Amino acid sequence: MASSSPDQANASSLAGRLEMVRARIARACRAAGRAPDEVVLTAVTKTQPPEAIDAILAAGQRVFGENRVQEAQGRWKGRCAIPGLELRLIGPLQTNKAADAVALFDVIETLDRPRLADALAAAAAKAGKPLRLLVQVNTGAEPQKAGVLPEDVDALIVHARSLGLTVEGLMCIPPAGAAPDSHFALLGEIARRNGLKVLSMGMSGDYETAIGLGATHVRVGSALFGERNTPQTPSMD
Ligand SMILES: *Cc1c(COP(=O)(O)O)cnc(C)c1O
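Now for a quick tour of the structure. Source: prediction; values computed, not measured. (Residues numbered from 1 in each chain as written. Predicted model: local features only at pLDDT ≥ 70, side-chain atom pairs only at ≥ 80, totals over all residues. Heavy atoms only, no water.)

## Remarks on the packing of aromatic side chains
One pair of aromatic rings is described through two measures. These are the centre distance and the angle between the planes. Counting across every chain of the model gives 1 aromatic pair. Summarising the aromatic geometry, the rings of Phe64 and Trp76 are spaced 4.6 Å apart at their centres and angled 35 degrees between planes, so their arrangement reads as tilted. Linking Phe64 in strand 2 (residues 63-66) with Trp76 in helix 3 (residues 69-76), this pair joins segments that are 12 residues apart in sequence. Exposure remark for Phe64: the relative accessible area of 0% places this residue in the buried category. (Phe/Tyr/Trp six-rings, centres within 6.5 Å; stacked < 30°, edge-to-face > 60°. Helix = DSSP H or I, 4+ residues; strand = E, 2+ residues; numbered from the N terminus. Buried < 20%, exposed > 50% of the residue type's maximum accessible area, 1.4 Å probe, protein only.)

Rendered as structure tokens:
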């Protein structure tokens, strides 16, 4: 399909929106002097019905983000054999769900406390499965938000590594309603000083900004599937 301008893509279909988001990612990469394949699109499928999952799989998307373990099990357990499928946990994780999370997910983006690192290390050892982790940083130091405080990140990474865990990078969710730029920049700074390459940052409203500030993974939900609180359109191609 010709798509010289991202905005010409058919925004009324899921495949069209996926094409549009991909084109915008590529454009943001070019603007930042980066190669488009440096940025991975994580499609956030929380709350989506099976028809939407079928449609986005048919359109070729393979990397997905979910924020609840049990909900994700229901959506993905029957689809785990799909070649190239990568599931990433992007929501808070309780230690008593560590084993379930390790069993289902390829990457857990929300390591944020030493006790959870302990539980994940034990679960990964028991499952005999190498675990890929990101540390979630509460860049805005919001009391209600998950994530380790910026001043405690370095120590948590040291702790995780001492358990033999592989920390690939960092993830953040900037405070709602604030300009995200300084939060994305802070995440990049923390990654650099810890020798980390992966930066999961940027959502539907700000993924192009995040790419300009070094995101390697952008987590996009509503720009692909529509707003979660409004009813889904009945037919998704
Ligand atoms: C829901 C969610 C997203 C996607 O948000 P949109 O604004 O719909 O793109 C990204 N990251 C996390 C952690 C989420 O929970």
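## Observations regarding the pairing of strand 5 (residues 132-137)
Successive residues of a regular strand alternate their side chains across the two faces of the sheet. Strand 5 sits mainly inside the fold: 5 of its 6 residues count as buried. In the sheet, strand 4 (residues 107-111) pairs with strand 5 via 3 bridges, with the strands oriented parallel. Paired with Val107 across the bridge in strand 5 is Arg132. For the handedness criterion, the β-α-β arrangement of strand 4, helix 5 (residues 114-127) and strand 5 is classed as right-handed. In this sheet, strand 6 (residues 166-172) lies alongside strand 5 in parallel orientation, the contact comprising 6 bridges. Within strand 6, the residue paired with Gln136 across the bridge is Met171. At this point the chain moves from strand 5, through helix 6 (residues 153-162), to the parallel strand 6, and the crossover so formed is right-handed. (Pairing = 2+ DSSP bridges. Right-handed = clockwise from strand over helix to strand, strands pointing away.)

## Let's talk about helix 1 (residues 14-31)
Taking 1.5 Å per residue, 18 residues should reach 26 Å; helix 1 reaches 26 Å between its end C-alpha atoms and fits that length. Those residues of helix 1 lying buried are Leu14, Gly16, Arg17, Leu18, Glu19, Met20, Val21, Ala23, Ile25, Ala26, Ala28 and Cys29. Considering only its buried residues, helix 1 is in contact with strand 1 (40-44), helix 2 (50-58), helix 8 (207-212), strand 8 (217-220) and helix 9 (222-225). Directly beyond the C-terminal end of helix 1, a positive phi value near 70 degrees is found at Gly33. (Expected span 1.5 Å × (residues − 1). Contact = heavy atoms within 4.5 Å.)

## Structural notes on the pattern of salt bridges
By the definition in use, this model includes 12 salt bridges. Here Asp54 and Arg79 are joined by a salt bridge, their closest N and O atoms 2.6 Å apart. Of the two residues, Asp54 is situated in helix 2 and Arg79 in the loop between helix 3 and strand 3 (86-89); the sequence distance between them amounts to 25 residues. Judged by relative accessible area, Asp54 falls into the partly exposed class, the value being 42%. The exposure class assigned to Arg79 is buried, which follows from its relative accessible area of 18%. As a salt-bridge pair, Asp154 and Arg193 come within 2.9 Å of each other at their nearest N and O atoms. Taken together, the positions of Asp154 in helix 6 and Arg193 in helix 7 (residues 181-193) put the pair 39 residues apart, joining distant regions of the chain. Residue Asp154 is classed as partly exposed on the basis of its relative accessible area of 27%. Through salt bridges that share partners, Glu86, Arg88, Glu109, Arg132 and Glu168 make up one connected network. (Salt bridge = Lys/Arg side-chain N within 4 Å of Asp/Glu carboxyl O.)

## Topic: the site of the ligand
In the neighbourhood of the ligand, 13 residues make up the surrounding shell, with Lys46, Ser204, Gly221, Ser222 and Arg228 lying closest. Note that an oxygen atom of the ligand is positioned 2.8 Å from one of the backbone N or O atoms of Gly221. Within the complex, the protein chains bury 90% of what would otherwise be the 380 Å² of accessible surface of the ligand. Broken down by class, the residue content of the shell around the ligand amounts to 6 nonpolar, 4 polar and 3 charged. (Near = heavy atom within 4 Å. Polar contact = N/O pair within 3.5 Å; in protein donor to acceptor, adjacent residues only side chain to side chain. Areas by Shrake-Rupley, 256 points an atom, 1.4 Å probe, with all protein chains shown as cover. Nonpolar A, V, L, I, M, F, W, Y, C, P; charged D, E, K, R; others polar.)

## Observations concerning the nonpolar core
Among the nonpolar cores identified, the biggest contains 64 residues, and Leu120, Val135 and Leu170 are the most heavily contacted of them. Examining the composition of this core, we find that 7 residues originate from one element, helix 5, more than from any other. Every residue in contact with Leu170, bar those within four places of it in the chain, is listed here: Leu134, Val135, Val137, Val153, Ile157, Leu187, Ile190, Ala191, Leu196, Val198, Leu199 and Ser200. One finds Ile90, Val107, Leu134 and Val198 within the second-largest nonpolar core, a separate group that totals 6 residues. (Core = buried A, V, L, I, M, F, W, Y, C linked by side-chain atoms within 4.5 Å.)

## Description of the side chain of Lys46
Within the secondary structure, Lys46 sits in the loop between strand 1 and helix 2. Glu66 provides the closest opposite charge to the buried, salt-bridge-free Lys46, at an N-O distance of 8.4 Å. Among all residues touching Lys46, those that are not within four sequence positions of it are Gly65, Glu66, Asn67, Glu71, Arg75 and Arg228. (Lys, Arg positive; Asp, Glu negative; His and termini not counted.)

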